[in-house]
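Okay, here's what each chain looks like letter by letter:
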Amino acid sequence: MSERDASSAPPPARRRGAPGRLARNALWQLTRARVLSFLREPEVAFWVFAFPVLMALALGIAFRTSGTPRSRIGVEQGPGADSVAAALARSADLEVLRLPPAEAEAALRRGRIAVLVRAGADGPPTLVSDPTRPESRLAQLATVDALERAAGRADVARPRAEPVVRPGSRYIDFLLPGLIGLNLLGTGMWGIGFAIANWRQQRLLRRLIATPMKRSDFLLAMLLARLLWLVLEVGIILGFGALVFGTAVRGSWLAFALVTLLGTLAFSAIGLLVAVRTRTIEGVTGLMNVVQLPMWLLSGSFFSAERFPALMQPLVQVLPLTLVNNALRAIMNEGAGLATVAPAAGLLAAWGLASFFAALRWFRWD
Amino acid sequence: MLELSSQTAVARPALSCRGLVKRYPKVLAVDRLDLEVETGECFGLLGPNGAGKTTTIEILEGLNTADSGEVRVLDQTWGRGGGPDRALRERLGIQLQEAKFQDKLSVIETVELFRSFYRRGPDPEDVIRTVQLEEKREAWVGKLSGGQRQRLSLAVALVNEPDLLFLDEPTTGLDPQSRRQLWDLIAAFRRRGGTILLTTHYMEEAERLCDRVAIMDHGRVLTLDTPAALIATLGADHVVEFAVEGALDLAPVGRLPGVSQARREADAFALIVREPHISIPALLAELGRQGAPLRHLATHHATLEDVFVNLTGRTLRDE
């Protein structure tokens, strides 16, 4: 602190914020600046916090399972339609709509009905459906069954059914870990990659290295700020899921913390790598989309990545988002512990380290 | 305030460079440049855009590397970013042209952030007071006017009480009032014993602030001296600008009494004269003789701009 001329010194200014020692710490100041400027972007807060919650809410409601699901089928109006519709309506598995011929085809095409039943003037009705859609096949089986019973078929051997609904097997249980994974990816890429490219474009990076600032302090502060967000964003998604849908973490919390931490570090390092040299916002946005797109498509955030052909599986399974999604699902829904997710954690650490050192090697401050 | 001890018998220059060369793929930005800035001096690099001023100052600041040549800053050379470089940076204040701070941080937060990078320096509150931004202490950087931003940029450059201050175009794009306010702040730093290297393309700024000025063009120093001595090289300190209807033969005009130089500008003429009250009547008589009626006439004191035009045939803001 400089000695000031006592006669000209104005009264001491009001102090606010961190106390002296901390205020003089570069790592603290850099982290604080990062957190504050992030907090003050309302659109960022929306994407980080509100978006995953709204997504969980919308998809959780759309795919909720209340009672036994019924297949919705359509009966085209015409001669003989009344008796066919009456026969089908007796089935517990079917919900029957009566449709004028003009609307029937469109309803089938748009997925409003899974099967279209066209009653003939004589002979059995025709069933129109797309055999590649699972829900159409299910509806077709139920429709055939209902028509045969109405025609007088007797059940020969009816197996006893024992209904079981396991917690952790609903769609929302599947979805929530995927949303956490997606969120970690997005905030890692934007929070690091976008910020760095932006600062380089504004020559702020150059201004920073014109000071004696330690470069390691700068990078460390970016990571510390990310970890703070990690706790907040994951906490909000988990809390929302638990409150609204009764989701839970059934396995090890330690494993959960480890996977989210390593996932965040891996995505942050990839974000840093994407931004090593880009000088414009447009450039870095394009690059980030190129990097994120394969993971959005292949990593199974909304449906299981197992659905992709075996040929693609080696690629799909090593993508960092697939690793995070699958590990979080194992922990949350199947009660997995550290041992189960250790291979995924190792691979995530490898992604993070490789990206980080590549980024350090090629990083440009101006 | 106490004077810093600047009366050493053999004062080493605060800053020097010799044979500096920087070549970009399409242009030779700096062409064998030699400079020496004395301790306690305000030194100006004056030149049009593209003269190589920014490249030169960034090499001296250790933010850019020269292809060849020698640079000494406060008796030290730039290394490769290790401990010695950081120690040197502790003593430098740097303002970059067009560098922006984070829009969503306040003035005080920005100054505190930069203060934390230095081991010694004044309290952030004092720096903000020095640059007269107390009222904007809590305002976000994005909400500041151009002049306020430049003052913040100066505050950040002063946050370590530097021995040597680099200012790259500190008042470009500012209104006259903001410009004068910054000049006062820069002059105050200079009075406290600080050394300044500044670049500018405003001759008025160089005349007002600088002890010595190097006029640069195409990466080279055209001339270097105090502003008064540079203006004195014109041989006279008044400039008469005039325009006429039709054609004019300039040769006889150049031989009129008291005229030391006559030159043709875009669609006008300029004379450098010692005594306007002798030369102007003579000019009017000559115009009458040539039958070229006067369309416009104005006089001003010779400036560094006239020195530049005299050296290059172009004005500072031509390109």
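Residues numbered from 1 in each chain as written. Chains lettered and ligands numbered in written order. Predicted model: local features only at pLDDT ≥ 70, side-chain atom pairs only at ≥ 80, totals over all residues.

*Asks:* Can you explain the overall build of chain B? Please cite residues and give values.
*Replies:* Of the regular secondary structure elements, chain B holds eleven helices and 13 strands. Over its C-alpha atoms, taken along the principal directions, chain B stretches across nearly 75 × 45 × 45 Å. Here chain B, with 319 residues, has 41% of them falling under the buried criterion. Put simply, of all contacts in chain B between residues at least 6 apart along the chain, 70% involve residues at least 24 apart. (Helix = DSSP H or I, 4+ residues; strand = E, 2+ residues; numbered from the N terminus. Buried ≥ 20, exposed ≤ 12 C-beta atoms within 10 Å, placed from the backbone. Contact = placed C-beta atoms within 7 Å.)

*Asks:* An account of the sheet that holds strand β2 (residues 94-99) of chain A is requested, with residue identities and associated values reported.
*Replies:* Residues and elements named next belong to chain A. What the four strands build is an open sheet, ordered β2-β1-β3-β4; its pairing is mixed. Pairing within the sheet leaves two strands with one partner each, and these edge strands are β2 and β4 (126-128). Averaged over all pairs of adjacent strands, the angle between strand axes in this sheet comes to 30°, irrespective of strand direction. Along the sheet, helix α5 (residues 101-109) contacts β1 (71-76), β2, β3 (115-118) and β4; its crossing angle with β1, the most-contacted strand, is approximately 150°. Of the strands in this sheet, β1, β2, β3 and β4 touch helix α6 (residues 134-150), which is tilted by about 65° from β1. (Pairing = 2+ DSSP bridges. Axes fitted to C-alpha atoms, helices over the stretch in contact; angles between N-to-C directions.)

*Asks:* Please set out the domain arrangement of chain B residue by residue, giving values where relevant.
*Replies:* Domain boundaries assigned for chain B yield domain 1 (15-231) and domain 2 (235-301). The straight-line distance from the C-alpha centre of domain 1 of chain B to that of domain 2 of chain B is 40 Å. (Domains from an automatic or database assignment.)

*Asks:* Just give me the short version of the interface of chain A and chain B, but keep the residues and values in it.
*Replies:* Contact residues are listed per partner, giving 26 residues for chain A and 28 residues for chain B. Elements that contribute at least two residues to the side of chain A that touches chain B include exactly α2 (26-39) and α8 (204-209) of chain A. The greatest single-element share of the side of chain A that touches chain B, amounting to six residues, is contributed by α2 of chain A. In terms of residue class, the side of chain A that touches chain B is made up of twelve nonpolar, six polar and eight charged. (Nonpolar A, V, L, I, M, F, W, Y, C, P; charged D, E, K, R; others polar.)

*Asks:* Just give me the short version of the packing of helix α5 (residues 146-157) of chain B against helix α6 (residues 176-191) of chain B, but keep the residues and values in it.
*Replies:* All names here are of chain B. Taken N-terminus to C-terminus, the directions of α5 and α6 make an angle of 15°; their axes are 9 Å apart at the nearest point. Relative to α6, α5 is oriented roughly parallel. For the crossing formed where α5 meets α6, the hand is right-handed. Here α5 contributes Gly146, Gly147, Gln150, Arg151 and Leu154 to the contact with α6, which in turn contributes Ser178, Gln181, Leu182 and Leu185. In terms of residue class, the contact of α5 with α6 is made up of three nonpolar, five polar and one charged. (Parallel < 35°, antiparallel > 145°, perpendicular 65-115°, else oblique. Left-handed = near helix turned anticlockwise from the far one by under 90°.)

*Asks:* Talk me through the pairing of strand β13 (residues 294-301) of chain B; I want residue IDs and the actual numbers.
*Replies:* All names here are of chain B. The buried fraction of β13 is low, at zero of eight residues. As judged from the seven bridges shared by strand β10 (residues 238-244) and β13, these two strands associate in the antiparallel manner. Looking across to β13, one finds that Glu241 is bridged to Ala298.

*Asks:* Help me get a handle on the environment of Val234 of chain A, residues and values and all.
*Replies:* Residues and elements named next belong to chain A. With respect to the secondary-structure elements, Val234 resides in helix α9 (residues 215-245). Given 21 C-beta atoms within a 10 Å radius, Val234 is considered buried. Spatially, the C-alpha atom of Val234 lies 30 Å from that of Thr280, the residues being 46 residues apart in sequence.

*Asks:* Go over the domain arrangement of chain A with me, naming the residues and quoting the values.
*Replies:* For chain A, the assigned domains read domain 1 (29-61 + 170-362) and domain 2 (71-149). The distance between the C-alpha centroids of domain 1 of chain A and domain 2 of chain A comes to 46 Å.

*Asks:* Let's hear about the sheet that holds strand β11 (residues 259-264) of chain B: which residues, and what values?
*Replies:* All names here are of chain B. What the four strands build is an open sheet, ordered β11-β12-β10-β13; its pairing is antiparallel. Where the open sheet ends on each side, the last strands, each with one partner, are β11 and β13. For this sheet, the mean angle separating the axes of adjacent strands, direction not counted, is 20°. Here β10 runs beside strand β12 (residues 269-273); their pairing, made up of five bridges, is antiparallel. Looking across to β12, one finds that Glu241 is bridged to Ala270. Most of the contacts of helix α10 (residues 276-290) go to β10, to which it runs at about 20°, and overall it touches β10, β11, β12 and β13.

*Asks:* Describe the pairing of β1 of chain A, and please don't skip the residues or the numbers.
*Replies:* All names here are of chain A. Of all six residues making up β1, five are buried, and the element is well covered by its neighbours. Bridge count for β1 against β2 is six bridges, and the pairing is parallel. Paired with Ile73 across the bridge in β2 is Val96. This β-α-β element, β1 to helix α4 (residues 81-89) to β2, shows right-handed connectivity. Bridge count between β1 and β3: four bridges; the pairing is parallel. The partner of Glu76 across the bridge, within β3, is Arg118. (Right-handed = clockwise from strand over helix to strand, strands pointing away.)

*Asks:* Describe in detail the confidence of the model for chain B, supporting the description with residues and values.
*Replies:* Residues and elements named next belong to chain B. Here chain B shows a mean pLDDT of 89. Residues at 70 or above account for 95%. Across residues 1-9 the pLDDT falls below 50, and counting only partners more than four positions away or on other chains, this stretch makes seven contacts in the model. Scored as a whole, the predicted complex attains pTM 0.78, and scored at its interfaces, ipTM 0.84. (pLDDT = per-residue confidence, 0-100.)

*Asks:* Go over helix α10 (residues 253-274) of chain A with me, naming the residues and quoting the values.
*Replies:* Taking 1.5 Å of rise per residue, 22 residues should cover 32 Å, and α10 of chain A covers 31 Å from first to last C-alpha, within 8% of that figure. Counting buried positions over the 22 residues of α10 of chain A gives 18, a clear majority of the element. (Expected span 1.5 Å × (residues − 1).)

*Asks:* Which residues make up the environment of Leu328 of chain A, and what values do they have?
*Replies:* Residue and element names in this part refer to chain A. For Leu328, the location among the structural elements is in helix α13 (residues 320-334). Distance in space between the C-alpha atoms of Leu328 and Phe174 is 9.7 Å, their sequence separation being 154 residues. Each residue touching Leu328, except ones within four places of it in the same chain, is listed here: Pro177, Ile180, Gly181 and Val259.

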